[in-house]
Amino acid sequence: RFVAVGAVPELTSRFRGREVLDAGGGLAVPGLVDSHTPPVFLGTREGEFEQRIGGRSYVEIAAAGGGIRSSLEGVRGSTEHLLLAALLPRLDRFLQLGTTTIEAKTGYGLTVADELKGLDVIAAANQAHAVELVATCLGAHDVPPEFNGRPDDWIEIVCEELWPAAATKAAFADVFTESHVFGLDASRRLMESAREHGLGIRMHVDQLTSLGGAELAAELGASSADHLEHVSEHGIAALADRGVQPVLCPLVPLFLGEAQEAPARRMIDAGCAPALSTDFNPGSCYCMSLFEVMSWAALRYRMSAAEALTGTTLNAACTLGLGHELGSVEVGKRADLVLTDLPNHSHLTYELGRNPVQKVIKGGAVVR
């Protein structure tokens, strides 16, 4: 943990280090925190990317059997060992890019057994890797194909079987609130049930349409309301009033070919404290770099470098209930630190397309 923060002359007069790391004049920032990722999957979906480049929409591809459902076979047909073997190299890349903590969602199994298998993979990775994972069960990511035409039956299974079992393995539950997956009433039922079983709640809302998901997230007091490209002014006000944090994913509309942007500037002006995330996943954003996210948040949201850094550190940690432990360089907090070769914090957003990380420190130990 950090024991002191201050100027070099003051600290060297008080302490003598057993080991000294020279940052070489570069910028040191807190370990980056990615607060929205579903990294447990096998197989990629570059074919769908090509389809979108050709003009097909995300919803059209999903309706034809692509999207979330196209990733089910990889998880359902794989052992925990195979999924862990696929996840660990991804965590290596997160670490190389300065990310020391991620929120790791399931969501590509969509059976009780396969969602729990995903949570076991996350737990195993947490033991094996320096990146810290906070587990979320995204059992309400979509309606499984075997429940076509009867989504209420899957909702019943999630509420009665999956959430109780997941509560021993995950910190949060999540739902994709959209009219083509889970509407407002279904999402309310799913999230209220998750809370009754002791899970925190996070919600994908207003990503593709202005359904009123932000208002529901505010009503439920969710830990986060994620995406929000189509949030209404009333939804922004509700989030600010209830202190529900937005988690914004600026690379996702770019990756999906969507024109609508999350109104980050209006959220900040309303008093919200947005986090920023990659939403790294096989379908809608195959990118693990929060440095890229910061640059695009500046370009697309008009966020300052300081706001973007806060969104990928302290604000992100707060959405996970870890703001008292992570996200800033303060006495008593865990010593998670990234040493870069950047000359100042404005270069975090100014310089695009290069990894500036020189060293990564997690819990006081150099892990890269």
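Up top is the structure these notes are about.
As the structure is a prediction and not an experimental result, all values here were calculated from the model. Within each chain, residue numbers correspond to sequence positions counted from 1 in written order. In view of the model being predicted, local features appear only for residues whose pLDDT reaches at least 70, and side-chain atom pairs are presented and counted only at 80 or more, with totals across whole chains, interfaces and linings using the full set of residues. Heavy atoms from the whole structure form the basis of all side-chain values; hydrogens and water molecules are not counted.

Trainee: Go over the overall build of the chain, please, and point to the residues and values.
Mentor: Under the DSSP-based scheme used, a helix requires at least four consecutive residues in state H or I and a strand at least two consecutive residues in state E, with every element numbered from the N terminus. Counting its secondary structure elements, the chain contains 16 helices and 12 strands. Computation of the radius of gyration draws on C-alpha atoms, with the globule rule given as 2.2 Å multiplied by the number of residues to the power 0.38. A compact globule built from 368 residues should have a C-alpha radius of gyration of about 21 Å, and the chain, at 20 Å, falls within 12% of that. Counting only C-alpha atoms and orienting by the principal axes, one finds that the chain spans roughly 70 × 45 × 40 Å. Sequence separation of 24 or more characterises 73% of the internal contacts of the chain that already satisfy a separation of 6 or more. For the area figures, the Shrake-Rupley method with a 1.4 Å probe applies, and any residue is considered shielded solely by the protein chains shown. In the form shown here, the chain has an accessible surface area of approximately 14,600 Å², with 52% of it arising from carbon and sulfur atoms. For this analysis, residues touch if any pair of their heavy atoms sits within 4.5 Å.

Trainee: Any chance you could break down the pattern of salt bridges for me, citing the residues and the numbers?
Mentor: Here, a salt bridge means any side-chain nitrogen of Lys or Arg that lies within 4 Å of a carboxyl oxygen of Asp or Glu. Tallied over the full model, the rule gives 24 salt bridges. R300 serves as the salt-bridge partner of E261, at 2.4 Å between the closest nitrogen and oxygen. Highlighted residues: E261 in the loop between α11 (251-256) and α12 (264-270) and R300 in helix α13 (residues 290-301), separated in sequence by 39 residues. Exposure remark for E261: the relative accessible area of 22% places this residue in the partly exposed category. One salt bridge in this structure joins E351 and R354, with 2.4 Å as the shortest N-O distance. Burial classes follow relative accessibility: with a 1.4 Å probe on protein chains only, a residue under 20% of its type's maximum area counts as buried, one over 50% as exposed, and anything between as partly exposed.

Trainee: Give me unusual backbone geometry: which residues, what numbers.
Mentor: A positive phi angle is found at D206, which is not glycine, with a value near 50°. Overall, the relative accessible area of 0% leaves D206 in the buried class. Its identity as a non-glycine residue notwithstanding, L228 has a phi of 70°, on the positive side. Inspection of the secondary structure puts L228 in the loop between β7 (224-227) and α10 (233-242). Overall, the relative accessible area of 0% leaves L228 in the buried class.

Trainee: Explain the nonpolar core to me, using residue names and the numbers behind them.
Mentor: Counting 97 residues, the largest nonpolar core has W163, F182, L190 and M191 as the members making the most contacts within it. It is helix α7 (residues 151-166) that provides the largest number of residues to this core, a total of seven residues. V33, F172, V247 and L320 belong to the second-largest nonpolar core, a separate cluster that totals 10 residues. Nonpolar core, defined: a set of buried Ala, Val, Leu, Ile, Met, Phe, Trp, Tyr and Cys residues in which side-chain atoms within 4.5 Å join the residues together.

Trainee: Any chance you could break down the side chain of D206 for me, citing the residues and the numbers?
Mentor: Structurally, the position occupied by D206 is in the loop between β6 (200-205) and α9 (213-220). No salt bridge is formed by the buried D206. Its closest oppositely charged neighbour is R266, at 11 Å. A 3.5 Å cut-off defines polar contacts: any pair of N or O atoms within that distance qualifies, except that in protein one atom must be a possible hydrogen donor and the other a possible acceptor, and neighbouring residues in sequence count only when both atoms are side-chain atoms. Only 3.2 Å separates the side chain of D206 from the backbone nitrogen of L211, close enough to count as a polar contact. In this structure D206 touches T177, E178, L211, G212, G213, A214, E215, L228, E229, H230 and V231, once residues within four positions along its chain are discounted. Neither His nor the chain ends contribute to the count of charged residues, in which Lys and Arg are positive and Asp and Glu negative.

Trainee: Give me helix α8 (residues 184-196): which residues, what numbers.
Mentor: By definition here, a helix of n residues has an expected span of 1.5 Å times n minus one. Between its first and last C-alpha, α8 extends 18 Å over 13 residues, near the 18 Å set by a 1.5 Å rise per residue. Here α8 has its buried residues at A186, S187, L190, M191, S193 and A194. One side of α8 holds all its buried residues, which, seen down the axis, span an arc of 160°. Opposite the buried face of α8, at more than 90 degrees from it, the exposed residues are D185 and E196. Next to the buried residues of α8 lie β4 (132-140), α7, β5 (172-177), β6 and α9. As used here, the arc belongs to the directions running from the helix axis to the C-beta atoms.

In short, the description is geometric, and any link to function would need to be established separately.
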